[in-house]
Every structure is written in structure tokens, then in C-alpha cells.
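# Observations on the model geometry
Residue-level listing of the chains:
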Amino acid sequence: MDASSGANNRELSSPDREVRSPMEAHGSYRGNDWSPERLMFHQNLESFADQVGLIVGLQANGKMSQEDAWRQIKKIWKNLKFAKDSLLENPRD
């Protein structure tokens, strides 16, 4: 083991490194029209993007058929649309 690999191990186990839940939002909403509803929709949008990424990964690796992937994406799309309609007073299309 050389000195450089030891440094890498210390970096990975650093107590300063924050571990995030996969259910946590990745970024903050910074729009000029901030409201709790827009923040919630932003989090729903991030969740949708994460779920689509996982579904596409499963399909690409042969763990899910294209038809099943389409059904799952369509289902979560409907959930996102419902969130948009219920959270945003004047939805922008």
C-alpha cells in the first residue's frame, strides 16, 4: 500500500462528509417566485427525474422490459402532473 492510497481512504471516511438520503432533495429552489408550494413541486420534480433515471437504468441493464419501463414512467408522470395541478395555482405549460 502506498501513501497515496492511504490518503484516499481517509478522505472517504472523513467525519465531515455528509451522507444524504436518496429521498432528500438534491438542490434548492432558487426561483424569484419562491413559495412553499413551488418548493414542494420542485422536490416532486427532482424525485420524478431520479425515478426515471432508475427505471431507465433497470431497463438498459435488462432488469425491466421497455413496456414495463414505459408503464412505470407513465404512472409517475401522472403523479407529477397531479402534484403540479394541486400545488401550483396558475400552472405554466
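To keep things clear, this report deals only with the structure shown in the data block. (Residues numbered from 1 in each chain as written. Predicted model: local features only at pLDDT ≥ 70, side-chain atom pairs only at ≥ 80, totals over all residues. Heavy atoms only, no water.)

### Re the nonpolar core
Within the largest apolar cluster, nine residues are counted, these being Phe-41, Phe-48, Val-52, Ile-55, Met-64, Ala-69, Ile-76, Leu-80 and Leu-88. Of all the elements in the fold, those that place two or more residues in this core are helix H2 (36-60) and helix H3 (66-87). At four residues, the largest contribution of residues to this core is made by H2. What Ile-76 contacts, discounting residues up to four positions off in sequence, is Phe-48, Gln-51, Val-52 and Ile-55. (Core = buried A, V, L, I, M, F, W, Y, C linked by side-chain atoms within 4.5 Å. Buried < 20%, exposed > 50% of the residue type's maximum accessible area, 1.4 Å probe, protein only. Helix = DSSP H or I, 4+ residues; strand = E, 2+ residues; numbered from the N terminus. Contact = heavy atoms within 4.5 Å.)

### Here's the deal with the pattern of salt bridges
Per the stated rule, a full pass over the model turns up three salt bridges. With its nearest N and O atoms 2.5 Å apart, the salt bridge here joins Arg-71 to Asp-68. With a gap of three residues between them, Arg-71 and Asp-68 both fall in helix H3, about one helical turn apart. Between Asp-85 and Lys-81 there is a salt bridge, with its nearest N and O atoms 3.6 Å apart. Taken together, the residues Asp-85 and Lys-81, both in helix H3 and four residues apart, mark about one turn of the helix. Overall, the relative accessible area of 43% leaves Asp-85 in the partly exposed class. (Salt bridge = Lys/Arg side-chain N within 4 Å of Asp/Glu carboxyl O.)

### Quick word on H3
For an α-helix the count is 3.6 residues per turn, leaving residues at separations of three or four pointing the same way. Taking 1.5 Å as the rise per residue, H3 with 22 residues should run 32 Å; its terminal C-alpha atoms sit 31 Å apart, in good agreement. Listed as buried for H3 are Ala-69, Ile-76, Leu-80, Ala-83 and Lys-84. Seen along its axis, H3 keeps its buried residues to an arc of 100°; they face one direction. Counted as exposed and oriented over 90 degrees from the buried face of H3: Trp-70, Arg-71, Lys-75, Lys-78 and Phe-82. Of the surrounding elements, those touching the buried residues of H3 are H2. (Expected span 1.5 Å × (residues − 1). Arc of directions from axis to C-beta.)

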